Structure formats: structure tokens, C-alpha cells
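# Close look at the chain arrangement
One letter stands for each residue in the lines below.
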Amino acid sequence: MDPPVDLKVVKQDILAGIVECEKRCLLQCTKWLAELNHGLADTPVELRGNSAFENVHSGIEASEYDSYLLAKSYFLVREYDRSAYFTRNCLSPVPKFLHLYATYMSKEKKRLDNMTDSSVVSSVSHAKDFAELLCILRTEHSKDSLDGYCLYLYGVILKKLDLNDIAVRVFVEAINAEPTLWSAWLELAPLVNDKRMLEGLKLPNHWMKSIFEGYTYIELFQNDEGIKIFENLQKNGFGKCIFIPTLLAIAYSNKRDVDRSIDIFQHLQSVDPYRLDNLDSYSNLLFVKDMKTEMSHLAHKVVEINKYSPETCCVVGNYYSIRSDHYKAVMYFQRALKLNPRYLSAWTLMGHEFMEMKNTNAAIQSYRQAVEVNKRDFRAWYGLGQAYEILKMTFYSLYYYKAAQQLRPYDSRMLVALGETYEKLNKVADALKCYQKAYNVGDIEGVALYSMAKLYEKQGETEKAIPAFLKFCSDEKLIADKASLCHAYMTLGNYYEKIEDLDKASYFAYKCLDYEEMKREAESLLKSIANKRAHKATTSAATAATNPSGAGKSTEEEKPTPEGVPAETYGEDMEMDETNLSKRIEVAMAEEEEEQEEEAGTSELAESSDMPEFHMEDSYDVNE
């Protein structure tokens, strides 16, 4: 990213953009540019004789100025039809745009007001509602008579009609014509599918491009690249622009660096205490950290600022959710949606509440509407997967989990959910791949190894399951599910008891005594281990009593453990060597006794029936 070289040029562009957007009643864009301008307050710009202010009346014919002023005043008080009516015959650029924009806003307001059910975002009447306006803009576009602002409006309507490919081209045209029109950049961002598409867009080489790229990277969950761009912007003079740290907080939240994100939001609260933008994201973080006191303070504060804003309703909904009052939470999320039916956060959070209330069908409806608003909302896709999993519709569940995982390829929760679904469909190889990848990318919930080990165990591949269980148990303090930990200990204890590694078996069995549900089984295993040890001790004592010299000799002649061979394995070989050595000593002693008998010529000893049975192996030497 090329940082802006001259902040004075940047501020001059912003001031010019504010004037142009204000003339056309693009209120949100004016607000955004004004906030950016305030962040550059330390950059001095000469206001007297400034070209930006000389353009305050440009684009408006003198004969149309009175009609324009009246129409603008009507627009600002949301009387859109009156505004459109008084600019219907205007031909100069500013009043012409205001006429088209007021017509659009009127249609949109009526469509939303006529919605009998707030649980539906999209409507098949879009094409009918905007047909006339679309026809006018398409004709004007074919004549190349639309300026950047009218191109932006044309793109918005195309996007509403799901004509996304054409909308992308039109938004790029609008941005090249008017680089400071942030609204056009903002509408374009959700239409960018991946990094390759972003790099392929023919965007102007303007300082606004850096902000757009950082914003889009975070939208695409490529948080590290977005953070890099915004940190670079902060170093190059944009440090006080409130929009930049807000995006950084969202990026850290996406990376699950919750504490750092909360710190940034708290700093923003101290800088701009009456700001409501993105406070729903802040309340989500407080919910995740279970910070009930902070959530309560935030809820009371936003109600005092503006009781009837979507952000306030969302924060209050989260407040009731953290108190487990799910019915009231749903009520406030529904209020947020009545104020703004395309308020993404409310749809997703309401879906979560319906899931808590066991109302799966309502949850599915909410998640579907969230996806309709923003197809990149991985939480909604994941929620749909969970809902269909509850309904035991496994193939549907698989589809939605896959969509969530594609949006968040390095999120272990998506991979574990996908693995569990593959497991239900008996696709063992795919399930194991998912569990392994979930462990490799950093298992957030600490269940990937356990799920993998259980699947190996289920398939009868115990030798593969044991290393996974051992890794899973390596840090027991981090494991929240103690039942899983107990099962892992029991499995390891039984395995080591089976292969006669009694010390390890005993260690894991004692671990299980701490859990009531496994206590009896652990006690039974410990008895079995004790019996085996007793049997071994008896056998060893008997061997030592029968062959005292052999036992002594074998102890003296123990061999060192060969390099590269585990000590446990070598222990078994050692016992075999000692037995063979004892046999060789006994045979040698027998041969020595036979020689003494032959020299003495005693037939009584030769015919003795007390001769040990194993001497018969060498009797052919004597007989010969």
C-alpha cells in the first residue's frame, strides 16, 4: 500500500467530498467524511478562498436553485415524494440526482412500511418497485450522461435486483468518477468474493483505495492483511480517525483476540462517548467474556443516548441474553429489525436466541434472513448447520457447515463441526482430515484430538487412537469437558494394562478415581493390575527359589539398553535373555557332573532316577 504523501491534499479532497455529498443529501457519506476530516484536525488547510467551498453552488442552475432548496429541505425531513416532485423538471446535475435519489428513497420507504412481517428481508416486488427508475438510469447510462453520483444510485438498484456482475462494473465507474464517494466503495465491498477479484478491480490510484482494501480484507476475514494496511495508515497520519481503530477492533475480534479488541472499543468510548456505531460488536465481545457488569453499564448508556436506534436495541438484546432472558432478548432484536430490516447483527443474534429457546424453525428463518443480508456472515451459515443437525437432516447440515468453513477456513470450530457431520455420514477419511486440520490450525475448543481418537477407537484402530489420547491429555487444565478427559484416561489405562505396562496403566487408572462416573471401573482396573503384579512377583520368587545361582548370574550379566531401542521394549527382551542364560548355565553344570561321574565310575549315580528332565536333551552324548 502506498501511504498518502501529502495529508493536505487528502484533507482538501475530503472537504470537497463533504460539500458535494451534502448538496446531494448523501447523509451517511457526509458523516463518514466529516469524521475522517476531524481525525486530520492537526493538518492545517487554508479555508478562505478554498476551492472546495467555491463549489458549494456549482452543479445547480440559477433558475433551478429555489426548487432545489425546497426539495432538499423536504428530503431532510423524509418527505421524499414532495422532494422528487419539485425537482422533476430539473436538468442540472445536483437537482437531477436529488430527484432520482428522492424517488428511490420514497419507493424503498413505502416497500418497508408495507411489509406486514418484519421476518422477511427480500421481496419479489423489487423489480416492480424500481422498474421505472431502473429504465431511466439504464437509458442515461447508455448515453454516458450519468455522473459519479448517479452511477452510484444505478449500482445500488442493480444490486437490489441481484444483478451483481453489472453492479460491480457500475460501482467501479462511479468510484473512478468520484473517488471520495465512500458510499460507492461501501456498496462494492460485499460484492468482492476473494482477494484475486479485489486485485483485479480497475480502481483509481487514490488514497481512498487503501482504506477500501483494508476494509474489504477484513470483510473477507483476511484479518492480518487488513490490520497491516490500517496500522500503516495510522502511522501515516490517520491515527486519530475513529474509523481506523474501529476496523482494527473488528479485525482483532475476528482473530479471537478478544481482550485487545475490547481495549480498543473502550478507548473509542472515551474519545467519542456518544457514538453508537459498531457498539453491537462491542456488546458481542462483552457477551463472549461474560462481562455482565460492563454489559449492564453499556445497555443503560445507549438507552440514554438514543432509545430507538437499531444499535441500542441490539445492545439491550445482548444484555437480556447474558441474563438468560431469551424472550426479552428476541423482543429487542425484533425492535432493531423494525427500525432497520437489513440490520445483519440483529438477524444473527435473534437466530442464536431462538436456538436457546429450542425454537429451531424460527432460528432457521432468522439465519436465512441474515444470509440474505450478507452472504459472508459465517455465524449465520454455522447456525443453519447446527439447526439442521438438531433436526437430524445431516446432508443439509453438511452443506451449511461447508459454507461456514469456506468463509473461515482456519477456524477449528467449523472444521470440528464438519468432521462430526462427515462421521455421521460414515465418511471416516474426510472426518479424520477435518479433525487433523482443526488440531493443526489451533483447536479453539480443544476437542479435535479427542474426536479423532474416538473415531480411531470406534474403527478398532487402537494403536492410532492412543497417541491422540495422549496428546489430548497432555494439558488437562485446558480441557473443559471433564467427561471426555476421564474417558481418555480410562482408555489409556486399559490399553497399557493389556500390553503389560502396569506402571502407566496404574497411573491413568488412579487419574480416573477423581471422577465419580468412572470410579468403579477404575477400581476394577486397579485390582486387575494388582493381581497381575502379584502373579509376576510370585513367578519371579518361584524362579529365584528354584534356580538361585542362575538368578544371581542373570542379574550380574544384564546388558545395557541398545541405542535407539526404547527402555520398555528392551525390558521384555532382557527377561528372555536371562531365561536363556539360566538354561545354558544349567546345561553346563549338568555336563560337568556327568564328567565327574564317569571319572569316579559310580554306576549308582548313573542310574539315578533323580536326574532333571531337561538333561535328556544331551543324553545322546552319554549313550554314544
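Residues numbered from 1 in each chain as written. Predicted model: local features only at pLDDT ≥ 70, side-chain atom pairs only at ≥ 80, totals over all residues. Heavy atoms only, no water.

### Observations concerning the overall build of the chain
This is how the line gets drawn: To qualify as a helix, a DSSP run of H or I must reach at least 4 residues; to qualify as a strand, a run of E must reach at least 2; elements of each kind are numbered from the N terminus. Each residue's exposure class comes from its accessible area (1.4 Å probe, protein chains only) as a fraction of the maximum for that residue type: buried when under 20%, exposed when over 50%, partly exposed otherwise. The criterion used for residue contact is that any of the two residues' heavy atoms lie within 4.5 Å. All accessibility values rest on the Shrake-Rupley procedure with a 1.4 Å probe; residue burial counts only the protein chains present in the view.
What the chain contains, in helices and strands, is 34 helices and 0 strands. In the chain, buried positions account for 46% of the 624 residues. Taking the intrachain contacts of the chain between residues at least 6 apart in sequence as the baseline, contacts between residues at least 24 apart amount to 56%. With the model as given, the accessible surface of the chain reaches about 33700 Å², and the carbon-plus-sulfur share is 51%.

### Section: the side chain of Arg-111
Just so we agree on the cut-off: Polar contact criterion, stated in full: a pair of N or O atoms within 3.5 Å, where within protein one must be able to donate a hydrogen and the other to accept it, and residues adjacent in sequence count only if both atoms are side-chain atoms.
Tracing the chain through its elements places Arg-111 in helix H6 (residues 93-113). Judged by relative accessible area, which is 8%, Arg-111 ranks as buried. Here Glu-108 takes part through its side chain, which lies 3.0 Å from a polar atom of the side chain of Arg-111.

### Some details on a nonpolar patch on the surface
What counts here: Patch definition: residues above 30% relative accessible area lacking any salt bridge, with like charges linked at up to 9 Å and the nonpolar side chains Val, Leu, Ile, Met, Phe, Trp and Tyr linked at up to 5 Å. Here, a salt bridge means any Lys or Arg side-chain nitrogen found within 4 Å of an Asp or Glu carboxyl oxygen.
A cluster of nonpolar residues, Leu-27, Leu-76 and Val-77, forms a patch on the protein surface that exposes about 280 Å² of accessible area. By the element assignment, Leu-27 lies in helix H2 (residues 27-39). Given the relative accessible area of 47%, Leu-27 is considered partly exposed.

### Some words on helix H15 (residues 258-271)
Convention followed: In this scheme, a helix's expected span is set at 1.5 Å multiplied by one less than its residue total. Working note: the arc is built from the helix axis to C-beta atom directions.
With 14 residues, H15 extends 20 Å between its outermost C-alpha atoms, agreeing within 8% with the 20 Å of an ideal straight helix rising 1.5 Å per residue. Along H15, the residues that are buried comprise Val-258, Ser-261, Ile-262, Ile-264, Phe-265, Leu-268 and Gln-269. Buried residues along H15 cover an arc of 160° about the axis, so they all sit on one side. Among the exposed residues of H15, those oriented more than 90 degrees off its buried face are Ser-270 and Val-271. Against the buried residues of H15 lie helix H14 (243-254), helix H16 (279-288) and helix H17 (292-305).

### What to know about helix H29 (residues 502-512)
Buried within H29 we find Leu-502, Ala-505, Ser-506, Phe-508, Ala-509 and Cys-512. Each element contacted by the buried residues of H29 is listed here: helix H27 (462-472), helix H28 (482-498) and helix H30 (519-546).

### Let's talk about unusual backbone geometry
A positive phi angle, near 65°, is found at Lys-358, a position not held by glycine. Counting through the fold element by element, Lys-358 comes out in the loop between helix H20 (344-356) and helix H21 (360-373).

### Here's the deal with the pattern of salt bridges
Applying the stated criterion across every chain, the model contains 22 salt bridges. For the salt bridge of Lys-240 with Asp-42, the shortest nitrogen-to-oxygen distance reads 2.8 Å. With Lys-240 in the loop between helix H13 (223-238) and H14 and Asp-42 in the loop between H2 and helix H3 (51-54), this residue pair connects regions lying 198 residues apart in the sequence. Residue classification places Lys-240 among the exposed residues on the basis of a relative accessible area of 58%.

### Comments concerning the environment of Lys-292
The residue Lys-292 is located in helix H17 in this model. Sequence spacing of Lys-292 and Tyr-319 is 27 residues, and the spatial spacing of their C-alpha atoms is 7.7 Å.

### Quick look at the packing of helix H1 (residues 7-23) against H2
The condition is simple: Simply put, an axis is a line fit to the C-alpha atoms, just over the touching stretch for a helix, and the angle between two N-to-C directions goes from 0 to 180 degrees. Throughout this description, any angle smaller than 35 degrees is read as roughly parallel, any larger than 145 degrees as roughly antiparallel, any in the 65 to 115 degree range as roughly perpendicular, and the remainder as oblique. Should the near helix be turned anticlockwise from the far one by less than a right angle, the crossing is termed left-handed; should it be turned clockwise, right-handed.
Relative to each other, H1 and H2 sit at 155°, their axes nearing to 9 Å. Classed by the angle they form, the pair H1 and H2 counts as roughly antiparallel. The crossing of H1 and H2 is left-handed. Counting all contacts with H1, which are made through Lys-11, Ile-14, Leu-15, Gly-17, Ile-18, Cys-21 and Glu-22, the residues of H2 involved are Cys-29, Thr-30, Leu-33, Ala-34, Leu-36 and Asn-37.

### Observations regarding the packing of aromatic side chains
How two aromatic rings sit relative to each other is given by the distance of their centres and the angle of their planes. What counts is decided by this rule: Aromatic rings from Phe, Tyr and Trp, taking only the six-membered ring of Trp, are treated as a pair when their centres fall within 6.5 Å; an angle between ring planes under 30 degrees marks them as stacked, one over 60 as edge-to-face, and anything in between as tilted. Charge-over-ring contacts are defined here by two conditions on Lys NZ or Arg CZ: a distance within 6 Å of the ring centre and an angle within 35 degrees of the ring normal.
Tallied over the entire structure, the rule returns 32 aromatic pairs. When the ring of Tyr-382 is compared with that of Tyr-401, the centres are 5.5 Å apart and the planes differ by 50°; the resulting orientation is tilted. With a gap of 19 residues between them, Tyr-382 in helix H22 (residues 378-390) and Tyr-401 in helix H23 (residues 394-407) connect regions that are remote in the sequence. For the pair formed by Tyr-382 and Tyr-401, the shared burial category is buried. Positioned over the ring face of Tyr-85 is Arg-88, at 3.9 Å from the centre of the ring.

### Digging into the packing of helix H24 (residues 412-424) against helix H25 (residues 428-440)
As a reminder, the rule being used: Lys, Arg, Asp and Glu make up the charged group, whereas Ala, Val, Leu, Ile, Met, Phe, Trp, Tyr, Cys and Pro make up the nonpolar group; the residues left over, Gly among them, are polar.
One way to put it is that H24 packs onto H25 with a least axis distance of 8 Å and a crossing angle of 160°. Comparing the axis directions of H24 and H25 gives the class roughly antiparallel. H25 is crossed by H24, and the crossing has left-handed handedness. Counted together, Ser-412, Leu-415, Val-416, Leu-418, Gly-419, Glu-420, Tyr-422 and Glu-423 of H24 and Asp-430, Ala-431, Cys-434, Tyr-435, Lys-437 and Ala-438 of H25 form the full contact between these two elements. Counted by class, the contact of H24 with H25 contains 8 nonpolar, 2 polar and 4 charged residues.

### Considerations on the environment of Tyr-101
Structurally, the position occupied by Tyr-101 is in helix H6. In the structure, Tyr-101 is positioned 26 residues away from Phe-75 in sequence and 9.4 Å away in space, judged by C-alpha atoms. When neighbours within four sequence positions are excluded, Tyr-101 is seen to be in contact with Arg-24, Cys-25, Leu-26, Phe-75 and Leu-153.

### Points about the confidence of the model for the chain
Just so we agree on the cut-off: For every residue, the pLDDT score states the predictor's confidence, bounded by 0 at the bottom and 100 at the top.
Of all residues in the chain, 84% attain a pLDDT of 70 or more, and the chain-wide mean is 83. Within the model, pLDDT remains below 50 along residues 550-585, and this stretch shows 20 contacts once partners closer than five positions in the same chain are excluded. Within the model, the stretch residues 599-624 combines pLDDT values under 50 with 8 contacts to residues more than four positions away or in other chains.

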